[in-house]
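Listed below are the residues making up each chain.
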Amino acid sequence: MNIKNKNRDVYIESMSACCSVGDSSEAIFNATLLGQSGVKKHQGFLNDKTDSAIGKIESSRSFDSLIIESIEKILSESNLKDFSTTFLAVGTSVGGMAWAENQFIKDGGSYKNIKLEKQSIHSIAHTIKQKFNFKDSITFSTACTSSSNAIIFAKELIEVGAYERVLVVGADSISYTTVNGFNALGVLSAEIATPFDTNRTGMNVAEGIGAILLSSTPSEIKLVGVGCSSDAYNITNPHPKGEGAKLAMQNALKSANLNPNQIDYINAHGTGTVANDSAEGKAIEELFPHNPPVSSTKSITGHTLGACGAIELIISSMVLKEQTIPKNFNLKTKEIESLNLPQKSIKKEINFVLSNAFAFGGNNVSLIVQKVYDER
Amino acid sequence: MITTDRLKEILIEGLALEDINPNEIADSDALFNEGLGLDSVDAIELVVILDNEFGIKFKNMEETKAVFATIQHLTDYINEHKK
Amino acid sequence: MKDNLKINLKIIASAFVSADSKCETLDEKRLVPKMMLRRRLTRGAKIAIYLASEVGYRNERIIFGSAYGEVKATVDIVESIYNKTLLSPTAFQNSVHNTPASYLSILSQNQAEVTTVSDLFDTSLSVLKTGAVKALRGDRLLLLNVDAFSFEGVEEINSCEVSKLESGVALLVEVTEEKPNIMIENIKNSEISPSLWQMLEIYNKSKELEKPIVEVVI
């Protein structure tokens, strides 16, 4: 066994994102500051033809080509000639289901043309590797924490010296399965979500792509802490007191060697469902008595499912770059009085941002990014 | 017309209840909490079953609360509303 | 050109199960006494719970892998969408890839890290590499790889003509500095899906060794 350079620091070398409000990290971040939501009413997704509010990427280009474009952007902005020494860590919960659904319907309810390389969870990595040569890849699939778990593994790979660079790609496209599925559970809203609001009516399914190149080379943004936990409570609902969420956040703080009062902003998972926001709100309230500003950006981007970990870490990094906290767009009446939920975007000194993602089955991940000042 | 026994069979099969016979369930048994002990996901599953089997539709989950109170309540409702 | 990192994993215990269409010896009534939880378990979940018990799992962190995921739940959903019938919420909540690992963590009240990987025929290697890197922390890990894809219409997609439609391997592992005596040779098994081959190979070779130690190349 030859472990070298244990516990190397991990930085974000570059990032690129695409969702309903824009095809760049900057465009998406600006939308969160200005309160310009990409969530719109659609009639075509639910079986019963009723309205659902969805965050669709309006583009003539296919989802697959948008993934390729996001990665091409990363390559062109880096010093890399190619990805031949880079590891690819994918996070997806839908994989190729959207393609498979359409094929199944086209074939009149037959599985005969369902190719596993195009239907499976692995299909995202498969598509990417047709275009780019990576040293190796692994795909993580844990519902809404898929890309968050990919980020954790990427950090571990760099820390132990297995790789200098890891490209994390979180990608989930809209599918009939997810829209009808969340509707079946009674948590889908026909309006733009209002996370942490007393009168919230549920979540908005959305699609998105988040690509983050992590590396051991110092940069402005350091991935300083990661933490995870399991609720061990219920297959769909989070622990009502947010016990698992609290544990994940505590583990992230421990990993970053930080006290809770050092966190300057929390980008919440904040889906807009009764269960999540209540549990997460309680956990934040208990763990952060110094009341840092908290906001959910899902009322802007929608809930990008497996991609949300990556996309929201990108938003959190933009918060550090721009030293500006996005407001809670659409929030009218706070359910938890004591939570600091700004309704206007705030410019202030921000050094540490914590970003949450919580998933079905009680899978919880918290990530902490730090602004690194030039010490020369 | 369905009997309470038929409803019990539908519940056992549709909700995948194991090791329980219809004769172990009383007509006065509550479906949720005490009684059969079904949960909120079962409530939604039940709405799906009632639509598929009897064409019965509900506007929202609130409407189901009184209907799902006991085996007898639900049997009566089905017989009144099935297509 | 940088050398690949190599990590040696001691195989503390291992287990394997397979069946042409349905594993009959999963002991679910004893392992999951609460009927209301048991009734919702997917085939993958029942296999994972059985395998965990066989290797003496005691709430270790879990790395779970499945090439095809929850096939029956996915099929039920797709059929609902096609026929425009109301979707079963149970089918949806059971359709995510980490369902078996989640049920195992719920059953055992395990609040530790649980992660799921899926890379089609490379799933075994993904589980092993993920587990090996995470094992460097020094604790024991449960590595699981489960495939359960029996459903009406399976012949249409079973292009490898695998005969065991349900199979699973569990390895309880710990990192070690000791020299490895198992090298992965990618031994084939025509009955089992290729996604399980490397972990099955380790299971088979471990049975012949007193202190099985596998080298995982990252």
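Residues numbered from 1 in each chain as written. Chains lettered and ligands numbered in written order. Predicted model: local features only at pLDDT ≥ 70, side-chain atom pairs only at ≥ 80, totals over all residues.

**Details of the overall build of chain B**
- Helix and strand content of chain B: 4 helices and 0 strands.
- Counting from the amino terminus, chain B carries its helices and strands in the arrangement α-α-α-α.
- Here the C-alpha atoms of chain B give a radius of gyration of 12 Å, agreeing with the 12 Å that 2.2 N^0.38 yields for 83 residues.
- For chain B, the C-alpha atoms occupy an extent of roughly 30 × 25 × 20 Å along the three principal directions.
- Classification of the 83 residues of chain B by burial places 20% in the buried group.
- Taking as baseline every contact in chain B between residues at least 6 positions apart, the subset at least 24 positions apart corresponds to 58%. (Helix = DSSP H or I, 4+ residues; strand = E, 2+ residues; numbered from the N terminus. Rg over C-alpha atoms; globule rule 2.2 N^0.38 Å. Buried ≥ 20, exposed ≤ 12 C-beta atoms within 10 Å, placed from the backbone. Contact = placed C-beta atoms within 7 Å.)

**Brief notes about the overall build of chain C**
- When helices and strands are tallied, chain C shows 9 helices and 6 strands.
- When its C-alpha atoms are laid out on the principal axes, chain C stretches across 55 × 40 × 35 Å.
- When each of the 218 residues of chain C is scored for burial, the buried share is 56%.
- Intrachain contacts of chain C at a sequence separation of at least 6 include 78% that bridge at least 24 residues.

**With respect to the interface of chain A and chain C**
- Listed as interface residues are 52 residues of chain A and, on the opposing side, 49 residues of chain C.
- For the side of chain A that touches chain C, the secondary structure elements donating two or more residues are α3 (97-106), α4 (116-119), β5 (136-140), α6 (146-159), α7 (176-184), β8 (221-230) and α8 (243-256) of chain A.
- Tallying contributions element by element places α7(A) first for the side of chain A that touches chain C, with 5 residues.
- Counted by class, the side of chain A that touches chain C contains 25 nonpolar, 23 polar and 4 charged residues. (Nonpolar A, V, L, I, M, F, W, Y, C, P; charged D, E, K, R; others polar.)

**So, the pairing of strand β4 (residues 141-148) of chain C**
All names here are of chain C.
- Of all 8 residues in β4, 8 are buried; the element is thus mostly enclosed.
- Burial of β4 is two-sided: the residues Leu141, Leu143, Asn145 and Asp147 facing one way and the residues Leu142, Leu144, Val146 and Ala148 facing the other way are all buried.
- One ladder, built from 5 bridges, connects strand β2 (residues 61-65) with β4; its direction is parallel. Paired with Ile62 across the two strands is Leu142, which belongs to β4.
- Sheet topology places β4 next to strand β5 (residues 166-175); 8 bridges connect them, and they run antiparallel. Across the sheet, Leu143 pairs through a bridge with Leu171, a residue of β5. (Pairing = 2+ DSSP bridges.)

**What about the environment of Leu157(A)?**
- Assignment of secondary structure puts Leu157(A) in helix α6.
- Judged by local crowding, Leu157(A) falls into the buried class, with 25 C-beta atoms found within 10 Å.
- Those residues in contact with Leu157(A) that sit more than four places away from it in its chain are Phe87(A), Ala162(A), Tyr163(A), Val166(A) and Val133(C).

**Describing the nonpolar core**
- Ranked by size, the top nonpolar core spans 208 residues in total, and within it Ala89(A), Val168(A), Val169(A) and Ala48(C) carry the most contacts.
- Apart from residues no more than four positions distant in its own chain, Val169(A) is found in contact with Ile67(A), Ile71(A), Leu88(A), Val90(A), Ile124(A), Ile128(A) and Ala211(A). (Core = buried A, V, L, I, M, F, W, Y, C linked by C-beta atoms within 7 Å.)

**Some remarks on the environment of Gly202(A)**
All names here are of chain A.
- Assignment of secondary structure puts Gly202 in the loop between α7 and β7 (208-215).
- Through-space distance from the C-alpha of Gly202 to that of Gly186 is 8.1 Å; in sequence the pair is 16 residues apart.
- The residues touching Gly202, leaving out its near neighbours within four places in the chain, are Val187, Leu188, Ser189, Ala193, Gly272 and Thr273.

**Details of the pairing of strand β1 (residues 6-19) of chain C**
Residues and elements named next belong to chain C.
- Here β1 runs beside strand β6 (residues 213-217); their pairing, made up of 5 bridges, is antiparallel. Bridge pairing in β6 links Leu9 to Val214.
- Here β1 runs beside β5; their pairing, made up of 10 bridges, is antiparallel. Considered in β5, the bridge of Ala13 is made with Leu172.

**Quick word on unusual backbone geometry**
- One non-glycine residue, Lys49(A), adopts positive backbone phi at about 65°.
- Within the secondary structure layout, Lys49(A) lies in the loop between β2 (40-42) and β3 (52-54).
- Positive phi outside glycine occurs at Lys84(C), with the angle close to 55°.
- Mapped onto the secondary structure, Lys84(C) falls in the loop between α4 (71-83) and α5 (89-93).
- A count of 11 C-beta atoms within 10 Å places Lys84(C) in the exposed class.

**A closer look at the packing of helix α2 (residues 63-77) of chain A against helix α5 (residues 123-131) of chain A**
Residue and element names in this part refer to chain A.
- Packing of α2 against α5 brings their axes to within 10 Å, and their N-to-C directions diverge by 55°. For the element pair α2 / α5, the angle class is oblique. Where α2 crosses over α5, the two elements pack in a sense that is right-handed. Along the contact surface, α2 presents Asp64, Ile67, Ile68 and Ile71, while α5 presents Ile124, Thr127, Ile128 and Lys131.
- Tallied by class, the residues present in the contact of α2 with α5 amount to 5 nonpolar, 1 polar and 2 charged. (Axes fitted to C-alpha atoms, helices over the stretch in contact; angles between N-to-C directions. Parallel < 35°, antiparallel > 145°, perpendicular 65-115°, else oblique. Left-handed = near helix turned anticlockwise from the far one by under 90°.)

**Topic: the packing of α8(A) against helix α9 (residues 274-287) of chain A**
Residue and element names in this part refer to chain A.
- Relative orientation of the contacting elements α8 and α9 amounts to 45°, with a least axis distance of 8 Å. As judged from the angle between their axes, α8 and α9 are oblique. Read as a crossing pair, α8 and α9 show a hand that is right-handed. Packed against α8, whose contacting residues are Ala245, Lys246, Met249 and Gln250, the element α9 presents Ala279, Glu280, Ala283, Glu286 and Leu287 at the interface.
- Across the contact of α8 with α9, the residue classes break down as 5 nonpolar, 1 polar and 3 charged.

**Topic: the confidence of the model for chain C**
- Across chain C, the average pLDDT comes to 95, with 99% of residues at or above 70.
- Among the scores for the predicted complex, ipTM is 0.98 and pTM is 0.97. (pLDDT = per-residue confidence, 0-100.)

**Points about helix α3 (residues 43-54) of chain C**
Residue and element names in this part refer to chain C.
- Between the first and last C-alpha of α3 there are 17 Å, a value that for 12 residues agrees with the 16 Å anticipated at 1.5 Å per step.
- Here α3 lies mainly inside the structure; 10 of its 12 residues are buried.
- Buried residues of α3: Arg43, Gly44, Ala45, Lys46, Ile47, Ala48, Ile49, Tyr50, Leu51 and Ala52, and no others. (Expected span 1.5 Å × (residues − 1).)

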